[in-house]
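Per-entry structural report
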Amino acid sequence: MDEQRYDYGFCPKCGALMQNGKCPSCGYAKRMSQEGSSEADWRESEPRRKGMSTGVKIVLVVCVILLILLIVFVVLGVVVGYRSFSGSSNGTEDLTEGFFDFYGGDSDDDYLYDYDYDYDYEEYVPSADDDYYEEFVSSTTQGLSYSVDWHYETIYPDDELSDGYFSVEYPTLTGDDGELLEKINDELRELAFFYEDYYTDEDAYVYVTAYVTYMDEELLSVLFNYEVYGSSSSLYWLSAVNYDMSTGRTIPYSEILEEEDDGTLAQRFRSQSETQNGSISDLSAMSDEELLAYLTDDTTRVVFYTPVGVELGFNYDSGWVTVTLKDKTL
């Protein structure tokens, strides 16, 4: 029996089923190679090589160029930054110089902070040799039968919406005669908190500063400086109290300041104020009668001892004024 070999496939021209390499429909026949395989079979078995289009090549080239440029810029930035940093010994100083150069100024060392700067400030220490009492300061004395302790308090309102507060600094006394000192302490605290209600009732900022202006075994003088800043107005007021420390008695102003005749007291006050305080327009605008009324009324005047002499002053709508009476030294 002869072995018959049938090859089947589809005609590449018309798509009909081929038999033994020949299309019965259109007559197409495969060409056989020497090895017995058809040319079509050989072409089908050969792998196809796909080429790269021109557009893809262009895009690829552009991406490579951009990548190279990016690497170059990064390297240059690192090198320049390193050189700039390594050339500066003080970053703050270089920034300051750049600031002044930009605005056309001068980066002089005077513009830089100098934490060792000596302000040459000397605290004022009152002395009997002074021409007048220069400023309010405490003059406490050590080694007495009583001593001074200082208390600081700041009180805020319970209402979180309120802006006011009360800040106070005042002295208390400790020593041998506890009962006498307790009485004085109660009175000092009452004076210290005299304007306490203002910070809640009027949302005001209240500052109270006390000064022990004179202190020895026989006498004690305490001055209170009140500053009240309300939403619509402000108040500046002085109040002073003087004690006989042997009894705890409050010394009236009239015992400290002997009343002079009316014209003399007003004139002396004006003259001393011009020397001590300079020109004060409100004081110049007052008549002698108005000034004398302030200086003789215990609700407006203030009198207290200092190492320089007796300080006399008065409170009025715009503030207060005090002068030193040297002839009233202790």
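Coordinates for the structure precede this section.
Conventions used here
Residues numbered from 1 in each chain as written. Predicted model: local features only at pLDDT ≥ 70, side-chain atom pairs only at ≥ 80, totals over all residues. Heavy atoms only, no water. Helix = DSSP H or I, 4+ residues; strand = E, 2+ residues; numbered from the N terminus. Buried < 20%, exposed > 50% of the residue type's maximum accessible area, 1.4 Å probe, protein only. Areas by Shrake-Rupley, 256 points an atom, 1.4 Å probe, with all protein chains shown as cover. Salt bridge = Lys/Arg side-chain N within 4 Å of Asp/Glu carboxyl O. Phe/Tyr/Trp six-rings, centres within 6.5 Å; stacked < 30°, edge-to-face > 60°. Pairing = 2+ DSSP bridges.

A few words now on the overall build of the protein. Within the protein, the secondary structure is distributed over nine helices and eleven strands. Evaluated residue by residue, the protein yields a buried proportion of 31% over its 330 residues. With the model as given, the accessible surface of the protein reaches about 22500 Å², and the carbon-plus-sulfur share is 50%.

Now for the pattern of salt bridges. For side chains of opposite charge, pairing can occur when their charged atoms come near one another. On inspection of all chains with the given rule, the structure shows six salt bridges. Among the ionic pairs, arginine 249 bridges to glutamate 255, the shortest N-O distance being 3.3 Å. Residue classification places glutamate 255 among the partly exposed positions, given a relative accessible area of 48%. In this structure, arginine 301 and aspartate 298 form a salt bridge, with 2.7 Å as the shortest nitrogen-oxygen distance.

Take the packing of aromatic side chains next. In total, this model carries 22 aromatic pairs according to the counting rule given. With a centroid separation of 5.9 Å and 55° between ring planes, the pair formed by phenylalanine 136 and tyrosine 211 is classed as tilted. Note that phenylalanine 136 is positioned in the loop between helix H3 (91-102) and strand S3 (146-155) and tyrosine 211 in strand S5 (residues 205-215), a separation of 75 residues in sequence. Residue tyrosine 211 is classed as buried on the basis of its relative accessible area, which comes to 17%. Ring centres of phenylalanine 314 and tyrosine 316 lie 5.6 Å apart, and the angle between their planes is 40°; on these two criteria the pair is classed as tilted. According to the relative accessible area criterion, phenylalanine 314 is buried, its value standing at 1%.

Turning to the sheet that holds strand S8 (residues 249-250), a few remarks are in order. If you walk across this open sheet you meet the six strands as S3-S4-S5-S6-S7-S8, and the pairing is mixed. Sheet topology places S3 and S8 at the edges, where each strand pairs with a single neighbour. Bridge count between S5 and strand S6 (residues 219-229): ten bridges; the pairing is antiparallel. Each residue of the ladder has a partner; that of tyrosine 211, found in S6, is leucine 223.

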